[in-house]
Each structure stands twice: as structure tokens, then as C-alpha cells.
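Topology and contacts: notes
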Amino acid sequence: MLGAEVILLLENCPLPVFILDAAGLIVFANGTAREFFDLDDVSSGRAIAEFFPEWPLNPAPHSRYETTDRSGRSRSCDVRVTSWQAGDASLSAIWIETAEREAPAGLALREANLRLRYVIEMLPQAVCVFDSKDRYVLWNRKYAELYAEIAEHLRPGIAFEDILRISLASGSIREVVGDQDAWLRQRMTKFRQPVAQEEHQLQDGRWLRYDDRRTPDGGAIGIRIDITELKQREEWLRQLFEANPMPMLLCDGNSLAILEANHAAMDFYGFGRSDLLSKKAHDMHAPGESEVFAARLSGLTGDCEARTVWRQQMADGRERHVMIYVRLLHERSEHRLLLTIADVSERVLAEAEATRLAHHDVLTGLPNRIQFYKSLDESLQSGKPGRTVVYCLDLDGFKPVNDTFGHAAGDELLKLVGERLKAEAGGNMVARLGGDEFAILMKTEGALDTGLADRCIAAFKDAFVIKGLPISIGVSIGIAAAGAADHDRDGLVHAADRALYRAKAAGRNTWRIDSEEDTPSRIKRA
């Protein structure tokens, strides 16, 4: 007969209130009435004449009557009676105000109780309050609306477990429940703990967070929070994390332990999930970089854009170059690090190849003129003792090869020449300056050793075989040296060129040193 909202309003009323049917039987008594008349939790069905012998009462407002509680104590009170029609039924309400002056402590307690009711009504969450025997004391409208299927059964004094059983028996329980007995035992066990927090999914797909806390007097306060939107956001983020094609790692901000890894990360590193989650964020880094990366992560105070290229080792031992984007996430008092790994191995290799090509001859793979002059500058400016020696080499008889056999044969010949010169150079730089011109750069601290020039000339004695045809050519060499105080690289190269021209003029397939006294008798040989 009475809706949940009406019952809630009557329970919040500080005056004792009875609701009667047309026969004068009690259909509802609020908590104040039960306390005032010392009634049991269940008072429905009792005749009002038991408490007001003069029933029916005068409907005039504020009529004075004598009433007797269950213990036989008589009290004088003012009574107001209101009646109304509820469908086919006639109902009456008796509003009782005691004529006795309440003790100050009792009045303060009533006022405090009323304020508590107002407070929980103002809260945006569903709230319920229980006594030390786990019986309902009061609840707010949000709670009654959330559990509409059991709202009509809610009344002060009813046990929480009884409400759960009623909800289970009705089949309209909101939570997703498997084994009802197991669910009930687990729910009550958690409810009786000092602090219990858990999440439950409702049958309509929504999620609730239960927050039950025991009060110092043994009672409990329960808060029900709708976290559906939060769970949806968590699910969206989880899907974005898992489906992201970029390898991603979620790490603890303090220990750097890997807490989560998406599928792309497992595929990238080649580790299984359990293996990857047993590692720390810096464990995959190459030796020498691991400690540096860990120190950077530990010192982060905000997000970090990827600017450093790191070397990491995969499960199969391969090494990859990566750039790592880091996002700092806060979760309550803890912080997390979200690492997104970008594989830049191909880019690094391409850049390295581009750098190599910029400083190396495309045909022979030898350092080119740019790299030769760069290395020559470094040798002259190093400040190290000793002399820098330049050998300028020019092939004898190369032009007829191009004219007779074609440029393809000439190119193949230049490759073979480069290989023979490298074999004789003993680790010193061999460069192709252009055309059929080559150079060798070396550093020496002793007397000028011309044995290298002799070995290079001897390397051309055997014919070069191009497409099955033997081709014989020679080489002329000019040599020049500069001391540590001489930084004139162009002068040094020109000096070697002058020596080269004299070697060619002397009959080719020989060498000369740029010196006024460069006769063979004055040159130390190896």
C-alpha cells in the first residue's frame, strides 16, 4: 500500500506515526513509534485500540489523549489524525506528540539522528546504515532506488542477510550470481570484515563498487557506487593497450618491474608473457645502456618524449635499435610508467648506410675523397708524435682496358685493384680518389718505410682475370710525409702528386718520394 518513498519519509519523521487501515489495524509504524511504545520490530496487524482505548479518536487537530505502551506505562500526548483514500482502501495516519518535556539528552539525540538522515540524503551515493547485529537502521533514497526490487521489504530492524535472501528468492537480484549459497556466504563474510571493498557486475551490465566499513560500536556503513563508466573506460583502455600495434609495457614507477605487456611487445621481444612479466623495464637493454636507462626512468618527473636511440636484445639474441616514449601515470598514491617502444632499426641501418655511402666509393667500397681528406685532417691535427705519410697511386695502362674491353670490365678491374691494395696496406687506409687514382694514408713514428710502395707495385705483377681474360696493368706511386707541426693537408697531397708525376716520368711502375734527395740509395727499405 505504501511506496518506498513514503516509508522513507515516515522513517525520517521525528514524531511517532502509525498508519491504519479502515478496520483500525496497524499496517505501518515508524521507528520513532516503535521506540516510543516499546514495540517489537513487527507491529503490523495489531489493533490501534490496544494503545488508544478510546479509538476511534476525535479527528480534530491536537486532541489530547492518554495512551499506554506495552509495559503498561501511561502517557499523555497530543494526537492528530489524517485520512485518505489509496485506491480501494481507506488509510489513516496518527501523528503523536508527547505532552511530556523531553530530556535534553533525548532531544539532542533525536536532533542528531535527524541531521544524520538529512546528511545521507544529500550524498550522491547509495548509503545504508546497520546496527551491531547487522540490521538496517536507515538508508537514503538513492539506496531504495538502486534496489527497487527489495525496497518494499526495507524497514528498520530487518537483518541485512534476510534482505539478501529475499532478493535471491525473488529471482530479481541485481548482481550476477552463480551458486546462490556460496555467493551469500561470501557476501556476508566480506560484509562482516572491518573494511570490505569489492566490485560487482549487475545483470543489466552495470558495475557497482561495495564499500562496507565497520563503526566503533560494531555497526556498519555501506556505500554503493556506480562505477559503470569507470569500468567502461578501463575496458576501452585495456583494448587500446592490447590491440595497439606498437609494443607497450606498463611498469612500476619505483621498482621498474614490468606489470603488463601487450601482444605486440611479446611478439617484438620474443618472450612469453610470464617471462616478460618477470623482467624489469631495463633488462632488455644492451650492456652499458641498462643502468643509464634505469637511472633516467627513476628520475622522471613527467612524460618523456623519445629522443635517444637505445640498443635492446631480443630473446633470440638479435639486437634492435629502439626509441622509447614514456608516460607517467598516477594511480592513487602509486605511480606507473607506460612505455611505448618504436623499432628504428631500419632507420638506423639506413642512416648508417647513407653515412657510409657519403664517405665511401660506390664501386669499390673503399673510402672516397671526402673520407680520405677527413682522415688526413684528423691525422695532421691529432697532436700525436710522428709523421703522416700520403701515397698517391695512379694505374698504368688502365685507359686501354676501358677502350678495349668496355667500362664494365674497367669497373671490375678497379674493384680487384682495391682488394689487392687493401691486402698490402696492412690496415692503413686505402681510398679511391676518383677514376683510376688511389691513395694510402698511414702514420709512422720512425724512418719513412718504402716497403709498402714496393709491395703495392709487386701486387700488380700477376695479371687480373676479367671474364676469363688476363689483363696486366701497373701502378706508379708518389710519396710525401709531413711532421706533427705541419697542418697543410693540401700541400702534403700536392707534394705526393709531384712525386707521382716524377715516378711516371721515370718509366712508370715505380715510386718516388717528394724530396730533393730521393735517390734510391738514400731511402730506407723494408
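A quick note: this is a predicted structure, and the numbers were derived from the prediction, not measured. Numbering of residues starts from 1 in each chain and follows the order in which that chain's sequence is written. Reporting in this predicted model follows two pLDDT cut-offs: at least 70 for local features of residues, and 80 or more for side-chain atom pairs to be given and counted; totals over whole chains, interfaces and linings ignore these cut-offs and use all residues. The basis for the side-chain values is all heavy atoms of the structure; hydrogens and waters are excluded.

Remarks on the overall build of the protein
Each helix and strand in the protein was counted, giving 16 helices and 22 strands. Each residue is assigned to one of three classes by its accessible area relative to the maximum for its type, calculated with a 1.4 Å probe on protein chains only: buried under 20%, partly exposed between the two thresholds, exposed over 50%. Looking at the protein as a whole, 42% of its 526 residues are labelled buried. A separation of at least 24 residues holds for 48% of the contacts in the protein among residues at least 6 apart in sequence. Note on areas: Shrake-Rupley, 1.4 Å probe, and residue coverage restricted to the protein chains presented here. On the protein, roughly 28100 Å² of surface is accessible, and the fraction owed to carbon and sulfur atoms is 52%. In this text, helices come from DSSP runs of H or I with a minimum length of four residues, and strands from runs of E with a minimum of two, each type numbered from the N-terminal end. Note on definitions: a residue-residue contact is assigned when non-hydrogen atoms from the two residues lie within 4.5 Å.

Overview of unusual backbone geometry
One non-glycine residue with positive phi stands out, namely D134, at about 60°. Relative to the assigned elements, D134 resides in the loop between strand 6 (126-130) and strand 7 (136-139). The backbone of L256 sits at a positive phi, close to 65°, despite the residue not being glycine. In this fold, L256 is placed in the loop between strand 11 (248-252) and strand 12 (258-261).

A word on the packing of helix 5 (residues 160-170) against helix 6 (residues 180-191)
Two elements in contact, helix 5 and helix 6, have axes separated by 11 Å at closest approach and are oriented at 155°. On the basis of their axis angle, the class for helix 5 and helix 6 is roughly antiparallel. For the element pair helix 5 and helix 6, the recorded crossing hand is right-handed. Facing F160, E161, L164, R165 and L168 of helix 5, the residues of helix 6 in contact are Q180, W183, L184, R187, M188 and F191. Axis lines are fitted to C-alpha atoms, over the contacting stretch for helices. Their N-to-C directions set the angle, which ranges from 0 to 180 degrees. An angle below 35 degrees is read as roughly parallel, one above 145 as roughly antiparallel, one from 65 to 115 as roughly perpendicular, and any other as oblique. Should the near helix be turned anticlockwise from the far one by less than a right angle, the crossing is termed left-handed; should it be turned clockwise, right-handed.

Observations concerning the pattern of salt bridges
The salt bridge definition used is simple: a Lys or Arg side-chain nitrogen within 4 Å of an Asp or Glu carboxyl oxygen. This structure, assessed with the given rule, holds 31 salt bridges. The closest approach of N and O atoms between D226 and R206, which form a salt bridge, is 3.3 Å. Here the residue D226 occupies a position in strand 10 (residues 220-226), and R206 occupies one in the loop between strand 8 (195-201) and strand 9 (207-214), the gap between them amounting to 20 residues. Here D226 falls in the partly exposed class, since its relative accessible area comes to 42%. On the basis of relative accessible area, R206 is assigned to the partly exposed category, the value being 24%. D490 is the salt-bridge partner of R489, the closest N and O atoms lying 3.4 Å from each other. Among the residues examined, D490 registers a relative accessible area of 38% and is labelled partly exposed. Because the salt bridges share partners, they merge into one network encompassing D134, E161, R165, R192 and R214.

Side note on the packing of aromatic side chains
Put simply, two rings from Phe, Tyr or Trp (the six-membered ring, in Trp's case) pair if the centres are within 6.5 Å, and we call them stacked under 30 degrees between planes, edge-to-face over 60, tilted for the rest. According to the stated counting rule, one finds 17 aromatic pairs in the structure shown. Judged by centre distance (5.1 Å) and plane angle (50°), the ring pair of Y143 and Y147 falls under tilted. The class for Y143 is buried, based on a relative accessible area of 3%. With 4.9 Å between their ring centres and 80° between their planes, F268 and Y269 make a pair best called edge-to-face. Pairwise contacts between aromatic rings join F130, Y136, W139, Y143, Y147, F160 and F191 into one cluster. Against the face of Y210 rests R224, its NZ or CZ located 4.6 Å from the ring centre. Sitting over a ring, as applied to charges here, requires NZ of Lys or CZ of Arg to be within 6 Å of the ring centre and within 35 degrees of the ring normal.

Topic: helix 12 (residues 369-381)
Given a helix with a known number of residues, its expected span is that number minus one, times 1.5 Å. Here helix 12 contains 13 residues, and its C-alpha end-to-end distance of 18 Å stays within 8% of the 18 Å for a straight helix at 1.5 Å per residue. All of the buried residues along helix 12 are Q371, F372, Y373, S375, L376, S379 and L380. In the analysis that follows, any N or O atom pair within 3.5 Å is treated as a polar contact, provided that within protein one partner can donate a hydrogen and the other can accept it, and provided that, for residues neighboring in sequence, both atoms belong to side chains. Regarding helix 12, its N-cap is N368, as a side-chain oxygen of that residue lies 3.2 Å from the backbone nitrogen of I370 further along. Phi turns positive, to about 80°, at G383, one or two residues after helix 12.

Things to note about the nonpolar core
Core analysis: the biggest nonpolar cluster contains 33 residues, and Y391 and I477 have the highest contact counts within it. Counting only elements with at least two residues in this core, the list comes to strand 16 (387-396), helix 14 (407-425), strand 18 (437-444), helix 15 (451-458), strand 19 (464-466), strand 21 (474-482) and strand 22 (511-513). With six residues, helix 14 is the largest single contributor of residues to this core. In this view, Y391 contacts F438, A439, I440, M442, D449, L452, A453, I477, G478 and I479; residues no more than four positions away in its chain are not counted. Grouping buried Ala, Val, Leu, Ile, Met, Phe, Trp, Tyr and Cys residues that are joined through side-chain atoms within 4.5 Å yields what is termed a nonpolar core.

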